[in-house]
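Observations on chain architecture
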Amino acid sequence: MNLTTFAKNWERIDALDLPDTYTDYLELAQNSPTFERARAQIREAIGRSEGTGVDVGCGLGLAVNELAALGCQVTGIDLSQVMVEKARRRYPNLDFRIGSALELPFEDDSLDFYRAERVYVHLPDAEKALNEAYRVLKPGGRLVLTEPDLNTMVFNCSHANQELARTAVKAMVKTHTNPYAGTEIRGQLVNTGFTNIGVAGFTHIFTDFDLGHSMAVGIALQAALATGELTEGQIANLLDDLKEHAKNDTFQCSCTSFIVSANKS
């Protein structure tokens, strides 16, 4: 499957009939130390070991399981039937449902907290999703989102190839529905009526070439090829450069994400 197609179709996983591609990606991400640290920061920002909440875009259900282990009652919501079925098989005692961030299956003022991780970067209407989050939260309820700003992605290469690297990142940004979500989300929360808004930045850093390529670099390079912004020869040159860094244990790829927390007024 072309990685550019992969990036564009998180909302159409079931229709593509290639769920293992997405499952493998999520497995790789959630088991990496950088995403484990992100989940721990999100749990800390939620700040509770009880109450009722939702994980929107729950994927394979790991975060739901981690919060449930703390004593919370959490429902995992995902647009993909395939993902929900996989989560149910992994965690049969937990609550997973098919649903959309734009239309949640909860009553008004019914939840203590709302969590979403790397979901809004794929949403065409972030403000509508935030209005829905506001609707389902109780007064004083807690919302915690973590989203990247994909334009912050960088990977080290020789100085001669830096422009090629930036071109690849810019091409990758174009393949995502809402690539600047991490930077824009605070203002959208203000507009929605949330209060007590806090922002904390952290950086996903990959020093393992295979992991960095699977998580980010490969998607950027294939996006640049698909859009014609880089030629096959330029991509091969850049890839050789990155592999040389990996051989010398100097490879590094990073992207800044933001944990944004708020309360319903």
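As the structure is a computational prediction, the values presented were derived from the model and not from experiment.

Any two packed helices are characterised by how steeply their axes cross, that is the angle between the axes, and by the distance between the axes. Interhelical geometry of helix H10 (residues 209-226) versus helix H11 (residues 232-247) gives an angle of 165 degrees and a closest axis separation of 11 Å. With respect to their mutual orientation, H10 and H11 come out roughly antiparallel. In this structure, H10 meets H11 at a crossing whose hand is right-handed. Residues Phe209, His213, Val217, Leu221 and Leu225 of H10 pack against Glu232, Ile235, Leu238, Leu239, Leu242, Lys243 and Ala246 of H11. Of the residues in the contact of H10 with H11, the class split is 9 nonpolar, 1 polar and 2 charged.

Relative to the helices and strands, Thr146 resides in strand S5 (residues 137-148). Assessed through its relative accessible area of 3%, Thr146 is described here as buried. In this structure the side chain of Thr146 is engaged in a polar contact, spanning 3.5 Å, whose partner is the backbone oxygen of Phe258. Once residues lying within four places of it in the same chain are set aside, the contact partners of Thr146 are Ile42, Ala116, Glu117, Arg118, Phe202, Ser257, Phe258 and Ile259.

Among the nonpolar cores identified, the biggest contains 62 residues, and Tyr114, Tyr120, Leu143 and Phe155 are the most heavily contacted of them. A total of 10 residues in this core trace back to one element, the largest contributor, which is H10. Setting aside anything within four residues of it in sequence, one finds Phe155 in contact with Ala165, Ala168, Val169, Val217, Leu238, Leu242, Gln252 and Cys253. One finds Ala45, Cys58, Val144 and Phe202 within the second-largest nonpolar core, a separate group that totals 18 residues.

Reading the values: the criteria
- Along every chain, residues carry numbers that run from 1 in the direction the sequence is written.
- At least 70 in pLDDT is required for a residue's local features to be given in this predicted model, at least 80 for side-chain atom pairs to be given and counted, and no such filter applies to totals for whole chains, interfaces and linings, which use all residues.
- Excluding hydrogens and water, the side-chain figures rest on all heavy atoms present in the structure.
- Fitted lines through C-alpha atoms give the axes, limited to the stretch in contact for helices. The angle between two N-to-C directions lies from 0 to 180 degrees.
- Numbering of helices and strands starts at the N terminus; helices are DSSP runs of H or I of at least 4 residues and strands are runs of E of at least 2.
- Roughly parallel covers angles under 35 degrees, roughly antiparallel covers those over 145, roughly perpendicular covers 65 to 115, and oblique covers all other angles.
- Here a crossing is called left-handed whenever its near helix is offset anticlockwise from the far helix by less than a right angle, and right-handed whenever the offset is clockwise.
- Here, residues are in contact when the closest pair of their heavy atoms is within 4.5 Å.
- Residues were grouped as follows: Ala, Val, Leu, Ile, Met, Phe, Trp, Tyr, Cys and Pro as nonpolar; Asp, Glu, Lys and Arg as charged; and all remaining residues, including Gly, as polar.
- For every residue, the accessible area (1.4 Å probe, protein chains only) is compared with the maximum for its type, and the residue is labelled buried under 20%, exposed over 50%, or partly exposed between those bounds.
- In protein, a polar contact means a hydrogen-donor-capable atom and an acceptor-capable atom, both N or O and within 3.5 Å, with residues adjacent in sequence counting only if both atoms are side-chain atoms; elsewhere, any N or O pair within 3.5 Å suffices.
- Working definition of a nonpolar core: buried Ala, Val, Leu, Ile, Met, Phe, Trp, Tyr and Cys residues. They are joined through side-chain atoms within 4.5 Å.

By themselves these figures say nothing about function.
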